[in-house]
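Single-letter residue listing:
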Amino acid sequence: MISLREGGAFLVNGDKLVSEGAPEAAGYDKEAAKTGTMAYGILTSHNKSGDNTNLNIKFDKLTSHDITFVGILQTARASGLEKFPVPYVLTNCHNSLCAVGGTINEDDHMFGLSCAKKYGGVYVPPHQAVIHQFAREMLAEGGAMILGSDSHTRYGALGTMAIGEGGPEIVKQLLEQTYDIPMPGVVAIYLTGKPKIGVGPQDVALAIIGAVFENGYVNNKVMEFVGPGVDNLSVDFRIGVDVMTTETTCLSSIWKTDDQVKDFYEIHKRPEAYKELNPADVTYYDGVVEVDLSQIKPMIAMPFHPSNVYTIEEVNANPGDILRDVEKKALVSLDNNDIEYKLTDKIHDGKVYVEQGVIAGCAGGGFENLCAAADILKGHTIGSDAFSLSVYPASQPILMELVKNGTVATFLEAGATLRTAFCGPCFGAGDVPANRGLSIRHSTRNFPNREGSKVTNGQIASVALMDARSIAATAANKGYLTAATDIDVNFSNPKYFFDKSIYDNRVYNGIGKAEPDTDIVFGPNIVDWPKMYPLTDNILLKVVSMIHDPVTTTDELIPSGETSSYRSNPLGLAEFTLSRKDPAYVGKAKEVHKAEVARIEGGDIFAADDKLAGVYDKIKTVSDADPKDVEIGSVIFAVKPGDGSAREQAASCQRVLGGLANISREYATKRYRSNLINWGMLPFVYDGDLVFDKDDYIFVKDIKKAVTEKIDEVKAYVIGDDVKEITLRLGALTDHEREIINKGCLINYNRK
């Protein structure tokens, strides 16, 4: 079904793979062939550094949604923003419904509209389109690059290289700075064959994620989709696979394009946006994932990660053993002995019963997915028991066409409920399952603490990811897990007609029409960032949380759901930091910050923290640093933090509480590490045995010198019963990143 090649390989004439070590490969120039990837061509055409090994990228377009754009614009305003230098689209698809009551969310929307007018941007009102569908329909272009402040910013199937990053990277582009990365590796996703009837894009995506996530095969690389199998996939199918590449931890994705992609642009009234893309006649890839589409079966990603994959066939054949295994794996993620986590209670008479189905958003809410699901449901009902089915078309144009061709009627007749274009189900702000419920979803993620669960409150729900087709088959079977390949269906494959007038009538387009005199509309929840201070020569860290899970997601660092309404208020949101993983964190971080506030104000740090006198007595054995000149901050240790969302608040919430650093074995994604850096936090890596624990102090000597002089290894001292020397690594930092850290954050770096 899927195999990973060891080492690199050459792709010859777009269809023949030659392993790097094969005799035939001796005739190829590897360095020249590296420049033959589609990724290389797009990246170098956007590079401003003059050095194609270290890239300074300027993007063509930018996108953000309503739980990121307020913080981004506040940061940019504090840094001297005057107008948007490139098209910047503000969509309103996450906080469309106010999860906490009051006017908070609509206040953010009005802030966004006023900024679009003032600075010359695009404003997409709530319920019109989810961010990524609007980008596909209206922004993507062949050979272009788009940067978005959402991790699922992926438009590779349309020939656009798109990257999801934290908000500060958007700010840099707004200030006409660059996105700085080494030239990434490129891995070929070599497709052959044709999917079976009933197999959908989520099935292919989950199979790939299951094969590459844990081993890091594509981590921070570009996934380049090639091979004869691409031609056998519709564009909607390709899009459905492409959006899920984020869950592999790759940097971005790109696909070869063809007449089907050309048709997509023509349907969407933008034929000029099409560009044919293909790898060169001889192209070198750093790795190859070979996917035989004909062997892919309907898949299910069990809680609590998209890589925890099985075939539905396996689960139905042996539900007891598999669900018990999932229960055991879940205990690692939940890390809470007060929760009795069960899935085996979903086995009814030997079959797996689920309580909820959701087809939604940028992954599931496409036209083709929904029409296929409706074809399966035609003539069936979901029944009147616990099982429910909710459907979220990804945009108003899609919804309009579903109304016109009768698909909406089919869903309603079957007992499904229809929603507007809204991303809520993906992060716990819509269709939250019941406590101990099991939900199957064609959406993007199924992390713990994400879909509305509050483990520390005794609430836990399970989300499994599936394709829309098998969700519909399960719905037709009244909630009993069913693969779409196990039912008879005649897929109608109706033609799609795109009606652009919906956007013409409702979307504010201010590109090139900035109105500087426009007053920005502020709601009471929209708060400026607190002042942050430059890095000192030495720092003292107190360890306030130790997280030993194999991977820590951004949802665990700062939860989503109802907390999203507070993302316009840095201090208000910070109260939720690690709340579902380590509820003591906020209080401990605040206690540490009291000493730093006292230091800044010239007060008595030893009165603020009565342990510091003893700590400094021991520090004197390794340094004569004056306590008045040593910045004090909190630090968390996590094995591999930052999987998942691009949300910058996973870092900034720590920072506004006085966080100065993270210590990890490695960082799950580039974007989380970048968020730390842009908020002035040190992204330490520690390789040794753990000789520190919660509540220990760590004195880091000459840290400013190390940052400034590009010294990777930094001496640090754990202050306990005795003083233990350890080595922390900073890893590769660009010159700009070093200056950002030294100045305390990106705002300070840019402030005029």
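Reading guide: rules and limits
Residues numbered from 1 in each chain as written. Predicted model: local features only at pLDDT ≥ 70, side-chain atom pairs only at ≥ 80, totals over all residues. Heavy atoms only, no water. Helix = DSSP H or I, 4+ residues; strand = E, 2+ residues; numbered from the N terminus. Rg over C-alpha atoms; globule rule 2.2 N^0.38 Å. Buried < 20%, exposed > 50% of the residue type's maximum accessible area, 1.4 Å probe, protein only. Contact = heavy atoms within 4.5 Å. Areas by Shrake-Rupley, 256 points an atom, 1.4 Å probe, with all protein chains shown as cover. Pairing = 2+ DSSP bridges. Patch = residues over 30% accessible without salt bridge, like charges linked within 9 Å, V, L, I, M, F, W, Y side chains within 5 Å. Salt bridge = Lys/Arg side-chain N within 4 Å of Asp/Glu carboxyl O. Lys, Arg positive; Asp, Glu negative; His and termini not counted. Charge placed at Lys NZ, Arg CZ, Asp CG, Glu CD. Phe/Tyr/Trp six-rings, centres within 6.5 Å; stacked < 30°, edge-to-face > 60°. Lys NZ or Arg CZ within 6 Å of the ring centre and 35° of its normal. Core = buried A, V, L, I, M, F, W, Y, C linked by side-chain atoms within 4.5 Å. Axes fitted to C-alpha atoms, helices over the stretch in contact; angles between N-to-C directions. Parallel < 35°, antiparallel > 145°, perpendicular 65-115°, else oblique. Left-handed = near helix turned anticlockwise from the far one by under 90°. Nonpolar A, V, L, I, M, F, W, Y, C, P; charged D, E, K, R; others polar.

Student: Please provide a residue-by-residue account of the overall build of the protein chain, values included.
Tutor: The helix and strand inventory of the protein chain stands at 27 helices and 34 strands. Taken against the 2.2 N^0.38 rule, which gives 27 Å for 752 residues, the C-alpha radius of gyration of the protein chain at 26 Å falls within 12% of a compact globule. Based on the C-alpha atoms only, the size of the protein chain along its principal axes is roughly 80 × 65 × 60 Å. Buried residues in the protein chain amount to 62% of all 752 residues. Across the protein chain, the fraction of contacts at a sequence separation of at least 24, relative to all contacts at a separation of at least 6, is 76%. About 26,100 Å² of surface is accessible on the protein chain, with carbon and sulfur atoms providing 47% of the total.

Student: Hey, could you go over the pairing of strand E28 (residues 630-638) for me, with residue numbers and the actual values?
Tutor: Taken across its nine residues, E28 has nine buried, putting it largely inside the fold. The alternating pattern of E28 places Val630, Ile632, Ser634, Ile636 and Ala638 on one face and Glu631, Gly633, Val635 and Phe637 on the opposite face, and all of these are buried. As paired elements, strand E26 (residues 538-547) and E28 share nine bridges and run parallel to each other. Opposite Ile539, over in E28, you have Glu631 as the bridge partner. Bridge count between E28 and strand E30 (residues 659-664): five bridges; the pairing is parallel. Across the sheet, Phe637 pairs through a bridge with Ile663, a residue of E30.

Student: How would you explain helix H16 (residues 468-476) if you had to name every residue and give the values?
Tutor: Along an α-helix, residues three or four positions apart point the same way, because every turn accommodates 3.6 residues. For H16, a buried count of nine out of nine residues is recorded, marking the element as mostly surrounded by other parts of the structure. Among the residues making up H16, those that are buried are Ala468, Arg469, Ser470, Ile471, Ala472, Ala473, Thr474, Ala475 and Ala476. Buried-residue contacts for H16 involve helix H7 (201-212), helix H10 (312-317), strand E20 (356-359), helix H13 (367-377), strand E21 (388-391) and strand E23 (438-442). Following H16 by one or two positions, Lys478 adopts a phi angle in the positive range, close to 60°.

Student: How would you summarise a negative patch on the surface if you had to cite specific residues and measurements?
Tutor: Side chains of Asp259, Asp263, Glu266 and Glu276 sit close together on the surface and give a patch of like negative charge. Topologically, Glu276 is positioned in the loop between helix H9 (259-267) and strand E14 (282-285).

Student: Residues and numbers for helix H26 (residues 735-743), please.
Tutor: Burial in H26 covers these residues: Glu737, Arg738, Ile740, Ile741 and Asn742. If you follow the buried residues of H26, they end up packed against helix H6 (167-174), helix H24 (670-678), strand E31 (682-685), helix H25 (703-708) and helix H27 (746-750). In the stretch just after H26, Gly744 is the one whose phi turns positive, near 105°.

Student: Report on the packing of aromatic side chains, specifying residues and quantitative values.
Tutor: Applying the stated criterion across every chain, the model contains 19 aromatic pairs. Summarising the aromatic geometry, the rings of Phe84 and Tyr88 are spaced 5.0 Å apart at their centres and angled 75° between planes, so their arrangement reads as edge-to-face. An identical accessibility class is assigned to Phe84 and Tyr88; each is buried. Within the aromatic cluster, the residues linked to one another by ring pairs are Phe10, Tyr28 and Tyr284. The cationic tip of Lys117 hangs over the ring face of Tyr508; the distance from NZ or CZ to the ring centre is 6.0 Å. Of note, Lys351 hangs over the ring of Tyr480, and the distance from its end group to the ring centre comes to 5.9 Å.

Student: Please give an account of the nonpolar core that cites residues and values.
Tutor: Grouped together as the largest cluster of nonpolar side chains are 125 residues, with contacts concentrated most on Phe134, Ile189, Leu191, Ile208, Ile300, Leu377 and Leu389. With eight residues, H13 is the largest single contributor of residues to this core. Residues in contact with Ile208, not counting those within four places in the same chain, are Ile2, Ile189, Met223, Phe225, Val241 and Val291. Formed by 50 residues, the second largest nonpolar core is a distinct cluster that contains Leu90, Leu113, Ala188 and Tyr285.

Student: Tell me about the pattern of salt bridges, and name the residues and values.
Tutor: Between side chains of opposite charge, a pair can form as their charged atoms come close. Applying the stated criterion to the full structure yields 31 salt bridges. Of the charged contacts in the structure, one is a salt bridge between Glu355 and Lys346, with a shortest N-O distance of 2.9 Å. Relative accessible area serves as the criterion here: at 22%, Glu355 is assigned to the partly exposed category. On the basis of relative accessibility, which here comes to 5%, the residue Lys346 falls in the buried class. What emerges from the salt-bridge pattern is a single network uniting Asp549, Glu556 and Lys581.

Student: Explain the packing of helix H3 (residues 69-78) against helix H4 (residues 104-119) to me, and be specific about the residues and the numbers.
Tutor: Helices that pack against each other are described as a pair by the angle of their axes relative to one another and the distance between those axes. Put simply, H3 and H4 touch, their axes get as near as 10 Å, and they point 45° apart. If you check the angle between H3 and H4, you find them oblique. The element H3 and its partner H4 pack so that their crossing is left-handed. In this structure, H3 uses Phe69, Val70, Leu73, Gln74 and Arg77 to contact H4, whose residues at the interface are Asp108, Phe111, Gly112, Cys115 and Tyr119. The residue makeup of the contact of H3 with H4, split by class, is six nonpolar, two polar and two charged.

Student: With reference to specific residues and values, describe unusual backbone geometry.
Tutor: Of the consecutive residues Pro303 and Phe304, the connecting peptide bond is found in the cis state with omega at 5°. Mapped onto the elements, Phe304 comes out in the loop between strand E16 (299-301) and strand E17 (309-311). Here the phi dihedral of Lys478 falls at roughly 60°; this positive angle occurs in a residue that is not glycine. Here Lys478 shows up in the loop between H16 and helix H17 (501-506). With relative accessibility at 38%, the residue Lys478 sits in the partly exposed group.

Student: Quick one: what's the story with the sheet that holds strand E5 (residues 61-64), residue by residue and with numbers?
Tutor: With mixed pairing, six strands are arranged side by side in an open sheet as E9-E8-E5-E6-E7-E25. At either margin of the open sheet sits one strand with a lone partner, and together these are strand E9 (161-164) and strand E25 (508-509). Packed onto the sheet, H4 meets strand E6 (88-91), strand E7 (122-124) and E25 and runs at close to 155° relative to E7.

So yeah, pure geometry; function would need other evidence.
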